Amino acid sequence: MHTRSCSRIRRAGLVFAAMTAMLSFTFLTPAFAADKEVIPSVSAPEAKVAANNGDSKMVGQAACATCHAEKAEAFSKTFHGRKSLSNGKLANACESCHGAGSGHADAGDVAKITNPKKLEPAAVAALCLTCHKDKALMMWKTSPHKTNGVSCLTCHSIHEGEGRQSLVKGKTDTCLECHTSQKADMRLPSHHPVAEGKMSCVSCHNPHGGIEGNLKADSGEELCAKCHSEKVGPFAFEHPPVADGCMNCHKPHGSANDKLLKQSPQTLCLSCHVRAHGNITAGATTLANLEPRTRCTNCHRDIHGSNRDSLFAR
Ligand code: HEC
Ligand code: HEC
Ligand code: HEC
Ligand code: HEC
Ligand code: HEC
Ligand code: HEC
Ligand code: HEC
Ligand code: HEC
Ligand code: HEC
Ligand code: HEC
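Residues numbered from 1 in each chain as written. Chains lettered and ligands numbered in written order. Predicted model: local features only at pLDDT ≥ 70, side-chain atom pairs only at ≥ 80, totals over all residues.

**A closer look at the overall build of the protein chain**
When its secondary structure is counted, the protein chain shows 18 helices and four strands. Within the protein chain, the proportion of its 314 residues that are buried is 22%. A sequence separation of at least 24 residues applies to 59% of the contacts in the protein chain between residues at least 6 apart. (Helix = DSSP H or I, 4+ residues; strand = E, 2+ residues; numbered from the N terminus. Buried ≥ 20, exposed ≤ 12 C-beta atoms within 10 Å, placed from the backbone. Contact = placed C-beta atoms within 7 Å.)

**A closer look at helix H9 (residues 121-129)**
Buried within H9 we find Val-124, Ala-125, Leu-127 and Cys-128. Summarising the axial view, the buried residues of H9 lie within an arc of 160°, below the 170-degree limit, and thus occupy one face. (Arc of directions from axis to C-beta.)

**Overview of the confidence of the model for the protein chain**
Per-residue pLDDT for the protein chain has a mean of 81; in total, 78% of the residues score no lower than 70. Within the model, pLDDT remains below 50 along residues 1-48, and this stretch shows 45 contacts once partners closer than five positions in the same chain are excluded. (pLDDT = per-residue confidence, 0-100.)

**Thoughts on the site of ligand 5**
Taken together, the neighbourhood of ligand 5 is formed by 20 residues, with Cys-175, His-179, Cys-201, Cys-204 and Pro-252 sitting nearest. Breaking the shell around ligand 5 down by element, the ones donating at least two residues are helix H12 (173-176), helix H14 (201-204) and helix H15 (220-227). Here the shell around ligand 5 takes three residues from H14, the largest share from any one element. Composition of the shell around ligand 5 by domain shows at least three residues from each of domain 2 (131-216) and domain 3 (229-306). (Near = placed C-beta within 6 Å. Domains from an automatic or database assignment.)

**Quick notes on unusual backbone geometry**
When glycine is set aside, most residues are seen to have a negative phi, and most peptide bonds are trans. In this model, Gly-233 is joined to Pro-234 through a cis peptide bond whose omega is 10°. Positionally, Pro-234 belongs in the loop between H15 and strand E2 (237-238). Backbone geometry places Ser-166, a non-glycine residue, at a positive phi of 50°. Tracing the backbone shows Ser-166 in the loop between helix H11 (152-155) and H12. At Asn-214, a position not held by glycine, the phi torsion is positive, near 55°.

**Points about the site of ligand 2**
Lining the immediate environment of ligand 2, one finds 20 residues, of which Cys-94, Cys-97, Pro-116, Lys-117 and Ile-158 sit closest. Of the residues forming the shell around ligand 2, the biggest block, five residues, is contributed by helix H7 (residues 93-98). Here the residues of the shell around ligand 2 sort into nine nonpolar, eight polar and three charged. Inspection of the shell around ligand 2 shows a minimum of three residues originating in each of domain 1 (2-114) and domain 2 (131-216). (Nonpolar A, V, L, I, M, F, W, Y, C, P; charged D, E, K, R; others polar.)

**Looking at the nonpolar core**
Core analysis: the largest hydrophobic core is formed by eight residues, namely Cys-204, Ala-217, Leu-223, Cys-224, Ala-225, Val-232, Cys-246 and Cys-249. It is H15 that provides the largest number of residues to this core, a total of three residues. Apart from residues no more than four positions distant in its own chain, Cys-204 is found in contact with Leu-215, Lys-216 and Leu-223. Listed in part, the seven residues of the second largest apolar core include Val-124, Cys-128, Cys-152 and Cys-155. (Core = buried A, V, L, I, M, F, W, Y, C linked by C-beta atoms within 7 Å.)

**A short note on the environment of Leu-261**
Structurally, Leu-261 can be placed in the loop between strand E3 (254-255) and helix H17 (265-272). Separated by 13 residues in the primary sequence, Leu-261 and Asn-248 have C-alpha atoms spaced 9.2 Å apart. If near-sequence neighbours (up to four positions away) are discounted, Leu-261 is found in contact with Cys-249, His-250, Ser-255 and Leu-268.

**Things to note about the environment of Thr-130**
Within the fold, Thr-130 resides in the loop between H9 and helix H10 (144-147). For Thr-130, a count of 20 C-beta atoms within 10 Å corresponds to the buried category. Thr-130 sits 41 residues away from Lys-89 along the chain, and the two C-alpha atoms are 9.6 Å apart.

This is the structure we're talking about:
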């Protein structure tokens, strides 16, 4: 069992390395990436919102701007706005999301235009997903956010959001609005440096879903391995609970114990090694210098595994 999960982790490491290579390639060659993005010259979302707009025709962004000048000006600075000039998917700019607007543009009749804010979460998602079927959104259908009625627009604000992804409040604060217990965890003495801004909730999570727990990996262990591969091995002498899962000993967000440990180190070790050193808790030790409160990892230092010592003691 241990061997299997262990090789799974290693495979993931390789896949990750390959993905990283691909990603950096994509970033270095934006022209190539953009070419790949373009889909057939159909105005895809038309289908989703057309129903609301009657038999309107496309009138183009300039027509909308005659009445919504501020909106159009602000939009042109967003990522969607900047892309709309060059990307076939957004060729119809405003109407790509709001539907054909000739009926509405005549006199500003709001019944003849679609405001996504007034749609159900599922209809919003359908609108956005006509263009965004990419890898990041592949698992949306089964994601806990979708099944709990969280809308794309809870986190993304097309006209007023921050940064490239138009986020309501950034890559961490957007999440903390709802996930208050993780906010508290992140303030415990040992924590991943999220509050410090060195990483964000989405360093580890894909808010659009995942195979397990919205993680950006197929499992907790594969996730940890992305940044802490040295703890994963392979080692000549494996410590079975490590290969079995980092969460046997660690918490992901924060802990009152050192090094994100679930329990104080001593208690943690003894929870499995009840009889280590002849039951240390009862005071009967087999090593002359071993005090009941001595940290086990003072001696068993390479606790994640070792290539030199079967007792991880170097
Ligand atoms: C003749 C002026 C005029 C033109 C042209 C116009 N609008 Fe409007 N629009 C209005 C008015 C008036 C309202 C209602 C007040 C408001 O929300 O600003 C409105 C409201 C809206 C709303 C909100 C609807 C709602 O249900 O809340 C959207 C979305 C919208 N317009 C999009 C567009 C788009 C896209 C175009 C171009 C196809 C466009 N408008 C062209 C005048 C216009
Ligand atoms: C990528 C999709 C998208 C594009 C493109 C887009 N909008 Fe919007 N628009 C939205 C969404 C979603 C909302 C609902 C409120 C929000 O999330 O900001 C909205 C809301 C609006 C509203 C209603 C504002 C309100 O306060 O309720 C107006 C007016 C509007 N958009 C006009 C425009 C105009 C004009 C353009 C083109 C310059 C445009 N939109 C392009 C998605 C889009
Ligand atoms: C008509 C097609 C279309 C629709 C509909 C659409 N988008 Fe987009 N969106 C695009 C394009 C094109 C880009 C630019 C992607 C690129 O060129 O890399 C983009 C970019 C984005 C990005 C930034 C992506 C990145 O690479 O960082 C986010 C976030 C986003 N859209 C969210 C939404 C949301 C939320 C909705 C629904 C309210 C929506 N989009 C509707 C076409 C669309
Ligand atoms: C719970 C909040 C949340 C919800 C709900 C949400 N998003 Fe996102 N989305 C984010 C965050 C945060 C990012 C930035 C992710 C990152 O940087 O890794 C993002 C990134 C994106 C991107 C860029 C993808 C990429 O490659 O990084 C797109 C496109 C997008 N979202 C579209 C959508 C659409 C469409 C929906 C609804 C079906 C949606 N989002 C729902 C929070 C959310
Ligand atoms: C270092 C990676 C990492 C970071 C950063 C991270 N998480 Fe997690 N999160 C995890 C892992 C791993 C799990 C699964 C825990 C398990 O299986 O016991 C998890 C679980 C969760 C859960 C499910 C409930 C729970 O606590 O088990 C929520 C909700 C959550 N995270 C939200 C957040 C939010 C919000 C942030 C940002 C403040 C965040 N996470 C940052 C790795 C991370
Ligand atoms: C509007 C409230 C809301 C926002 C904002 C929100 N979430 Fe959630 N999230 C939920 C709900 C509801 C659930 C499902 C119930 C639960 O597990 O608590 C959930 C579940 C999760 C889970 C657990 C998945 C699982 O399988 O156990 C993770 C992880 C998570 N969210 C991460 C995030 C991240 C990261 C962000 C920010 C990008 C975010 N959430 C923003 C409401 C929200
Ligand atoms: C995206 C990268 C990333 C991922 C994924 C990640 N970590 Fe970390 N981890 C970090 C960073 C950055 C630090 C802080 C290192 C520092 O301050 O020197 C850290 C620190 C730690 C620490 C030491 C904490 C302390 O108090 O000193 C532990 C333990 C840890 N991570 C375990 C995990 C586990 C378990 C997982 C999987 C749930 C995981 N990490 C996933 C980046 C990551
Ligand atoms: C058997 C329990 C156990 C398991 C399982 C475990 N760890 Fe640890 N980990 C520890 C202990 C104990 C420490 C603190 C070591 C110390 O204090 O010298 C630690 C420390 C760490 C640190 C901080 C190390 C440093 O050098 O500061 C990281 C990162 C870490 N573990 C990652 C992981 C990852 C990734 C996994 C899964 C592949 C994992 N751990 C599985 C017990 C465990
Ligand atoms: C989740 C259970 C679990 C936890 C927690 C755990 N271990 Fe282990 N450990 C094992 C298993 C299983 C083995 C394999 C040998 C065995 O069955 O005793 C092992 C092996 C060892 C060995 C090698 C023993 C030998 O006979 O080769 C040492 C030393 C050790 N652990 C020390 C520790 C220390 C120190 C801690 C605390 C940081 C710890 N372990 C935490 C389950 C655990
Ligand atoms: C002062 C150094 C030292 C400390 C502290 C220490 N050990 Fe050991 N441990 C050893 C040595 C040396 C051996 C091999 C000789 C022996 O078996 O007595 C060993 C053997 C072991 C073994 C394998 C043999 C057996 O008894 O099953 C386990 C498991 C173990 N230690 C767990 C622990 C745990 C758990 C702690 C903390 C409660 C701990 N050790 C603290 C030095 C130490």
